[in-house]
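Survey of secondary and tertiary structure
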Amino acid sequence: MDIGERLRELRKGRYSQEELGHLLHVHNNTISKWENGEMEPRSKKIKELARVLDTTTAYLLGDTDDPSPAHDVREEPEPSTVEKRNNGYLIYKDGERLVELPPTPQGYALIEKFMMQKHAASGDGI
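Residues numbered from 1 in each chain as written. Predicted model: local features only at pLDDT ≥ 70, side-chain atom pairs only at ≥ 80, totals over all residues. Heavy atoms only, no water.

1. What to know about the overall build of the chain
The helix and strand inventory of the chain stands at six helices and three strands. Helices and strands in the chain line up, N terminus first, as α-α-α-α-α-β-β-β-α. Counting only residues that meet the buried cut, the chain has 29% of its 126 residues in that class. Counting contacts in the chain only where the partners sit at least 6 residues apart, residues at least 24 apart contribute 40% of the total. (Helix = DSSP H or I, 4+ residues; strand = E, 2+ residues; numbered from the N terminus. Buried < 20%, exposed > 50% of the residue type's maximum accessible area, 1.4 Å probe, protein only. Contact = heavy atoms within 4.5 Å.)

2. Re unusual backbone geometry
Positive phi, normally seen in glycine, also occurs at H25, with a value near 60 degrees. Checked against the element boundaries, H25 lands in the loop between α2 (17-24) and α3 (28-35). Judged by relative accessible area, which is 67%, H25 ranks as exposed.

3. Remarks on the nonpolar core
Judged by nonpolar contacts, the single largest core of 17 residues is most densely connected at L20, L24, L49, L53 and L60. Elements with a contribution of two residues or more to this core: α1 (3-11), α2, α3, α4 (43-52) and α5 (57-60). It is α4 that contributes the most residues to this core, four residues altogether. Not counting residues within four places of it along the chain, the set of residues in contact with L49 comprises L7, L20, L24, W34, P41 and L60. (Core = buried A, V, L, I, M, F, W, Y, C linked by side-chain atoms within 4.5 Å.)

Here you go:
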């Protein structure tokens, strides 16, 4: 199974291509091209996909057949590098640039709930 098939399998029933694109700051056509094997996501987007879809980069890349995030080793920045909390994102100093980390799984649940309410209010459904 390639990255596109794994991505589609994890996304189905959770997010539309448009919703996933919104979370990753890419156009839904990009999600479609990734799933159809026309393009491959860059490494930064693979990491974001793994976080959003609650899996591992190893699973998305085909290094394991276990999508469980419990097998992913994630290095956390040292607490002393935390600069501030900004809209649910932790900002870490990395040299001269600031790196944003996405919200926790609970944060994604709130985002998903908000998006569902938004769709329900607009009447277009999910």
